[in-house]
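Observations on the three-dimensional arrangement
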Amino acid sequence: MYLSVITDQIDADLNTALRIAKEYGYHDVELHNVFGKSIEQCNDTEVEQIKSLLKTYDCKVSCIASTVFFLCPLLEGDQVTLFNPEFYTIEGGLEEHLRYLERACVIAKALDCPRVRIFPFRFPDNRAPYFGTDEHIALIIENVKKAVTVAEKHGITLVLENCPYSHLPKGAMTIQVVSAVNSDALKLLWDPANSYRAYQENVPPQYLKTTLSEECSLIAPWIDHIHIKNYQYDPQFEKPFCHTSLQNGDIDFVQLFAELKACGYQGALSLEAETPWEETSDSLAWMEKALSA
């Protein structure tokens, strides 16, 4: 396993983020928000600027964190909106997202990055749960197969992220899509904290009691990339899952890292702290120490 960090978690300015990442001992970075846009929206000139900065700081790209299929309606009539204006993302229908995926793959190749992140479609504002039904999963599989065709053409691996704002919030749910598509060009991006804070009303009963350790064992063979963040659950708040530094949250990452190592995972642990800088810096230092122990 090796360390990585999403650059915009450090600073919106890529030059600043790369400099600080190196100061904390991180040689691999993940790219999402770059130049005030989502990475798949970057033009050729901007990609060359990114390449130059990566060379300056001797950094490699672990993942192109595109927003393909995030704000893409799954069913006709679905209305999807952004939960956080600071989360840069593309919009539009399926064909537009596939065009952006093509661009993301081109950028990944230019930056010598083997993988591109995609999402299992944001759940809509105008249709109540229950999500993860057979109908929805079948349609997600159909659409992801189209994405895989694009990725295979470019020799890129897609990593499907379990996301609490999507139809498949838990890793144990996203595995249905990956196993059904059955392509070397599609793997899992596991975010254990996303699984932990998944909206319970959006999770079918058979997945509600699955622990993170159990989920890790179940999905380990398909994991190709991992996002790391932590939460403290505090019911006094309207939004009870509160972002916190890695060492102060509810998830025991020392145990989880040991379990991932035992499962043979050798990929990136990419920090997506989603906290103010003081806590993010603590997480950067803690993760570097935890992984070297």
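Look up: the structure comes first, before these words.
None of the values given here were measured: they were computed from a predicted structure.

Focus on the pairing of strand β5 (residues 60-68)
Along β5, eight of the nine residues are buried, which leaves the element largely enclosed by surrounding structure. Looking at chain direction, strand β2 (residues 28-31) and β5 are connected through four bridges and run parallel. When the sheet's bridge partners are listed, Glu30 is paired in β5 with Cys63. Relative to strand β6 (residues 115-118), β5 runs parallel, the two sharing two bridges. In the strand pairing of β6, Val68 is matched with Ile118. This β-α-β element, β5 to helix α3 (residues 94-110) to β6, shows right-handed connectivity.

Quick look at the packing of helix α1 (residues 14-23) against helix α2 (residues 44-56)
Where α1 contacts α2, the two axes come as close as 10 Å, and the packing angle between them is 25 degrees. Taken together, the axes of α1 and α2 are roughly parallel relative to one another. The handedness of the crossing between α1 and α2 is right-handed. Here α1 contributes Leu14, Asn15 and Leu18 to the contact with α2, which in turn contributes Ile50, Leu53 and Leu54.

Here's the deal with unusual backbone geometry
The residue Asp112 is not glycine, and still its phi comes out positive at about 55 degrees. Along the chain, Asp112 falls in the loop between α3 and β6. A residue is classified by how much of its surface remains accessible, and Asp112, at 70% relative accessible area, is exposed. A positive phi angle is found at Asn182, which is not glycine, with a value near 55 degrees. Overall, Asn182 belongs to the exposed group, its relative accessible area being 67%.

What to know about the packing of aromatic side chains
Applying the stated rule across the entire model yields nine aromatic pairs. Considering the side-chain rings of Phe69 and Phe121, the 4.6 Å spacing of their centres and the 20 degrees angle between planes classify their relative orientation as stacked. One end of the pair, Phe69, is in the loop between β5 and α3; the other, Phe121, is in the loop between β6 and α4 (134-154), and 52 residues separate them in sequence. By relative accessible area, which is 0% here, Phe121 ends up buried. Chaining the aromatic ring pairs together yields one cluster made of Tyr196, Tyr231, Tyr233 and Phe241. Seen from the ring of Phe123, Arg122 lies directly overhead, with NZ or CZ sitting 5.4 Å from the centre.

Definitions and limits used
Residues numbered from 1 in each chain as written. Predicted model: local features only at pLDDT ≥ 70, side-chain atom pairs only at ≥ 80, totals over all residues. Heavy atoms only, no water. Buried < 20%, exposed > 50% of the residue type's maximum accessible area, 1.4 Å probe, protein only. Helix = DSSP H or I, 4+ residues; strand = E, 2+ residues; numbered from the N terminus. Pairing = 2+ DSSP bridges. Right-handed = clockwise from strand over helix to strand, strands pointing away. Axes fitted to C-alpha atoms, helices over the stretch in contact; angles between N-to-C directions. Parallel < 35°, antiparallel > 145°, perpendicular 65-115°, else oblique. Left-handed = near helix turned anticlockwise from the far one by under 90°. Contact = heavy atoms within 4.5 Å. Phe/Tyr/Trp six-rings, centres within 6.5 Å; stacked < 30°, edge-to-face > 60°. Lys NZ or Arg CZ within 6 Å of the ring centre and 35° of its normal.

Treat this as a map of the structure, not an account of what it does.
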